[in-house]
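# Chain and residue survey
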Amino acid sequence: MEGSQDSKWVRIRVFFLIFLLHSLSIYLFTRGFLLTRTELSDSFSSCSDIPDPPCTVHHRRFNDSDDSSGVGGGCWTPPVFDRIVIIVLDALRFDFVAPSAFFEEVKPWMDKLTVLQRLALEESSSTRIFKAIADPPTTSLLRLKGLTTGGLPTFIDVGHSFGAPAITEDNLIHQLVSNGKRVLMMGDDTWLQVFPHHFQESYPFPSFNVKDLHVVDDGVMEHLIPSLYKDDWDVLIAHFLGVDHAGHIFGVDSTPMIEKLEQYNNILEKVVEALKNLSGPGQLHENTLLLVMGDHGQTLNGDHGGGTAEEVETSLFAMSFGSPPDSVPPNLDSRTCKFGVDGEKMCFSSMQQLDFAATISALLGIPSPFGSIGRVNPELYALSAKTWNIQNCDAANCKACSNLESWMTNYMNVLCINCWQVKRYIDLYSATSVIGFSKEDMLHLADVYGQIHSNWSNAINATSLDEEGVPEEIHKNSVYVLQQKIEASSKFLAYIAEIARLKWTEFDLKLMGAGLCMFFVSLLVHLLFIIRVVRLCKFSCTSIWNFRWSCMVSSLLVATRAISFLSNSYILEEGKVASFLLATTGILSFRRSVVNGKLTIEALLLLLFNIILGCSMDDRFSKQAISSAYMSAFNISISGINISHFIWTVFSETSPLLFLSMLALLLYRCTAGMSHWGGYRRFFVNGTIVSYVLIGVHWVLESNAMNFPEGIQYFGRIFIPLVIYASGCGLLLMLVITQIFVKKGVADQAERVVIDTVAMLSACSSIILVLSADRDPLLR
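Just so it is clear, the model here is predicted, and its values are computed rather than measured. (Residues numbered from 1 in each chain as written. Predicted model: local features only at pLDDT ≥ 70, side-chain atom pairs only at ≥ 80, totals over all residues. Heavy atoms only, no water.)

When you go through the chain residue by residue, the secondary structure sums to 27 helices and 9 strands. The burial tally for the chain puts 46% of its 780 residues in the buried class. Considering only contacts within the chain whose residues lie at least 6 apart along the sequence, 74% involve residues at least 24 apart. Split by element, the accessible area of the chain, about 37900 Å² in all, is 62% carbon and sulfur. (Helix = DSSP H or I, 4+ residues; strand = E, 2+ residues; numbered from the N terminus. Buried < 20%, exposed > 50% of the residue type's maximum accessible area, 1.4 Å probe, protein only. Contact = heavy atoms within 4.5 Å. Areas by Shrake-Rupley, 256 points an atom, 1.4 Å probe, with all protein chains shown as cover.)

Okay, the confidence of the model for the chain next. Looking at the chain as a whole, its pLDDT mean stands at 76, while 64% of the residues score no less than 70. Looking at the elements of the chain, mean pLDDT is at its lowest for helix 23 (residues 629-634), recorded as 42, and at its highest for strand 5 (residues 235-240), recorded as 97. Of the regions scoring below 50 in pLDDT, residues 539-547 engages in 8 contacts with residues more than four places distant in sequence or in other chains. Contacts of residues 774-780 to residues separated by more than four positions or lying in other chains number 28 contacts, the stretch itself having pLDDT below 50. (pLDDT = per-residue confidence, 0-100.)

This part covers the pairing of strand 7 (residues 313-320). Of all the 8 residues making up strand 7, 7 are buried; the element is thus mostly covered by neighbouring parts of the structure. Sheet analysis places strand 2 (residues 127-133) next to strand 7, joined by 7 bridges and oriented antiparallel. The partner of Ile-129 across the bridge, within strand 7, is Phe-317. Sheet topology note: the strand 6 (residues 288-293)/strand 7 ladder contains 5 bridges and is antiparallel. Pairing of Leu-291 across the sheet is with Ala-318, part of strand 7. (Pairing = 2+ DSSP bridges.)

It is worth spelling out the packing of aromatic side chains at this point. The relative placement of two aromatic rings is captured by the distance of their centres and the angle of their planes. Scanning the model with the defined rule gives 15 aromatic pairs in all. Here the aromatic cluster, defined as three or more aromatic residues joined through ring pairs, consists of Phe-370, Tyr-425, Tyr-429, Phe-437 and Trp-504. Its end group placed over the ring of Trp-233, Arg-83 keeps NZ or CZ at 4.7 Å from the ring centre. (Phe/Tyr/Trp six-rings, centres within 6.5 Å; stacked < 30°, edge-to-face > 60°. Lys NZ or Arg CZ within 6 Å of the ring centre and 35° of its normal.)

This part takes up the pattern of salt bridges. Opposite charge on two side chains permits pairing when their charged atoms draw close. This model, assessed by the stated rule, comprises 14 salt bridges. A single network of salt bridges, built from pairs that share partners, joins Arg-93, Asp-95 and Glu-310. (Salt bridge = Lys/Arg side-chain N within 4 Å of Asp/Glu carboxyl O.)

Moving on to the state of the cysteines. Evaluated as defined, the whole model comprises 2 disulfides. A sulfur-sulfur distance of 1.8 Å marks the disulfide that ties Cys-47 to Cys-75. Within this pair, whereas Cys-47 is found in the loop between helix 1 (2-33) and helix 2 (55-64), its partner Cys-75 is found in the loop between helix 2 and strand 1 (83-89), the two being separated by 28 residues in sequence. (Disulfide = S-S within 2.5 Å.)

We now examine the pairing of strand 3 (residues 183-188). Within strand 3, 6 of the 6 residues are buried, which leaves it mostly tucked inside the rest of the structure. Pairing of strand 3 with strand 5, which is carried by 5 bridges, proceeds in the parallel orientation. Directly across from Met-185, in strand 5, lies its bridge partner Ile-237. Bridge count for strand 3 against strand 4 (residues 201-205) is 5 bridges, and the pairing is parallel.

Let us look at a nonpolar patch on the surface. A contiguous nonpolar surface patch, about 380 Å² in accessible area, is contributed by Phe-15, Phe-16 and Phe-19. Take Phe-16: it is sitting in helix 1. By relative accessible area, which is 52% here, Phe-16 ends up exposed. (Patch = residues over 30% accessible without salt bridge, like charges linked within 9 Å, V, L, I, M, F, W, Y side chains within 5 Å.)

Another point: the environment of Tyr-480. The topology assignment puts Tyr-480 in helix 17 (residues 472-504). Look at Tyr-480 and you get partly exposed, because its relative accessible area is 47%. C-alpha separation for the pair Tyr-480 and Glu-405, spaced 75 residues apart in sequence, amounts to 9.4 Å.

Another aspect to go through is unusual backbone geometry. If a residue is not glycine, its phi is most likely negative; likewise, a peptide bond is most likely trans. Along the chain, Pro-136 connects to Pro-137 via a cis peptide bond; the corresponding omega equals 5°. If you trace the backbone, Pro-137 turns up in the loop between strand 2 and helix 5 (140-149). Unusually for a residue other than glycine, Ala-91 sits at a positive phi of about 60°. With a phi angle near 60°, Asp-111 is a residue other than glycine that sits in the positive phi range. Structurally, Asp-111 can be placed in the loop between helix 3 (94-97) and helix 4 (114-122).

What follows concerns the nonpolar core. Grouped together as the largest cluster of nonpolar side chains are 79 residues, with contacts concentrated most on Leu-291 and Ile-373. Here the element with the most residues in this core is helix 14 (residues 398-432); it accounts for 15 residues. Those residues in contact with Ile-373 that lie beyond four places of it in its chain are Gly-150, Leu-152, Leu-354, Val-422, Tyr-425, Ile-426, Leu-493, Ile-496, Ala-497, Ala-500 and Trp-504. In this structure, Trp-109, Met-110, Ile-129 and Phe-348 belong to the second largest nonpolar core, which totals 50 residues. (Core = buried A, V, L, I, M, F, W, Y, C linked by side-chain atoms within 4.5 Å.)

Across the interface, helix 9 (residues 242-250) lies against helix 10 (residues 255-277) with an axial gap of 9 Å and an inter-helix angle of 175°. As the angle between them shows, helix 9 and helix 10 are arranged roughly antiparallel. Contact with helix 9, carried on its side by Gly-242, Val-243, Ala-246, Gly-247 and Phe-250, involves Pro-256, Met-257, Lys-260, Leu-261 and Tyr-264 of helix 10 and no other residues of that element. (Axes fitted to C-alpha atoms, helices over the stretch in contact; angles between N-to-C directions. Parallel < 35°, antiparallel > 145°, perpendicular 65-115°, else oblique.)

Below, the discussion takes up the sheet that holds strand 2. Within a beta sheet, neighbouring strands are joined by backbone hydrogen bonds and run either parallel or antiparallel to one another. Judged by pairing direction, the sheet is mixed, and its 9 strands sit side by side in the order 4-3-5-1-6-7-2-9-8 without closing on themselves. Both outer strands of the open sheet, strand 4 and strand 8 (336-339), are each paired with one neighbouring strand and no more. Averaged over all neighbouring strand pairs, the angle between strand axes comes to 15°, with direction disregarded. Here helix 8 (residues 215-228) sits on the sheet in contact with strand 1, strand 3, strand 4 and strand 5, set at roughly 155° to strand 5. The strands touched by helix 12 (residues 356-364) are strand 1, strand 5, strand 6, strand 7 and strand 9 (345-352); relative to strand 6, the strand with the most contacts, the crossing angle is about 165°.

This is the structure in structure tokens:
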């Protein structure tokens, strides 16, 4: 008795050891994978905040000077625009906007937004195309949060993508409203979820239905153009969703995507025309800035959320309707230019989306969000005022040197306040956050900021000379000093952004590796304990640990499947990998049946399913294979079959129903000979078969071959899946009840396992079939 008690406590201690190792491995892995950033929800910027000297000295001097923009009423810096129109085209890839000359291969979706390319070419002094680099994760909600707060949302925030909570930390929309700006929003209703009480007027439209390409866009078009002729807003936000939804459903290389881009091109032509008509002196849009931008990119499959180049590279088109400026100084110019087929020079610049909030705040003269760590982009800021290239500074063009010096002085002042704002946020974050920046990083930041701060007065003194009669050499020296201070400030802000990305957005591979190693140790302990228990119970271990070739291969397939989840790009090819592993498992099962001399009907059916699966593997999980413009033009599948042929259409529509019927029959036959199933067999099997019938009706009502009335289609697409989900949950609940309260009356353990397995499959299979989406993947 005492020996049994000792062995009992040994097993309990081992259990707690395994639990401890599992918990420690999960903790270490999540510390490295689920990076967190503390939100300072109680800290907000305001006009009463006064920058540290010498920004305050230069700030007063700058405010007292003439403002060439004609816009008054600044806060930290004078505003240079009085209105901004922001048009967000969700999931706008960079190659949707940039000319195809910048890419090695011309794709069908390129050069569709011709109005933006034409404006960038013909009015290059007041327009610019940017490659805007987003920070992952590239979900729409987190990109909106990053754009408006100027910060870096972390991967763990992805969990909020389907239930957008209100943004509580300081943000651009809050600063606009707090400083008397009237904000008009139309389009994606996510804006109203994250900013519930900020808009003076809004026209939200539901965005969750990704199969809908037109409701949101049509709603925006209804209100956008009329609003441009009204004087009741200062910032207009129009968020279109058609491109994002077209990518999710059909892929980038698809006819619906091209049609959407052409539709957007027509809309943008009307927007530009309306703004130009009212951009004359004293008119409504004399000092208006137009921004056409994406929140993130998308892969060729239409997916986004990760950090691949296709997902993080989006576009931003900016156009000023005021006095056309000239080029910025060369050291601030990030343009990349190429000559097109017709010999025209086409250019684009680069910027970080992290800089968006700080830049818009400076353009409108409002405080930057408290948590913003971006830099005021010089090229976007330069669209607001006349600037001159440093190469024009010579004795014959001294006035150009003076104007260049004046603009650089103004921009240097903006950067001074920009650096002060970011530094105070980093200081407060490190002082209040549980996981702040390292002591070494903070000391280095303080040293760099101190050097910029102590030498700032030299730049002010160098630019305070009287411009009349100043020799060319002094002008050049002043410009050089300004240039050096701007570069130093930009490096300071870039360094902060770099360490912030390391802290908040880049995985800690060491902690993740330690967590995985600890997890494998816990599995090893678990395995050794199982072996010990088997020996103590005097079971025959021959059948348990006899690793035959087929068992080893099956274990290898399972391990491969598990390890695949560690790849950040696995989701893009998950369908193909899962199909391959399933087909391989089926072939191995068929081989075992042949070797054992038991060629059962189940093995033959499994092999048949694998053959069908293998033929459709490439088509099923590739939107491009079916919906691309190329495939639609030639109307063939990869196998060379004409999918529009009548026979193929009938086969694709009827074969899913045939296989569903075979599955129901197979389920019925498997349970027919079980004597101990009792009344539960009728309940589970009949309930599952009824669900299969409803699935068949659901597929028929969704068929492309027949046109049913809208009311019947609504019943089939909405109501029937709800019934199937409810019945599946009911079967699962009944399964739990029977496992808990019904006595186990089955003597044969093998039959008991079969009964439990069939009951579980009966409860889950109908739900899985509905969630598996299209019944005819070869046509979709």
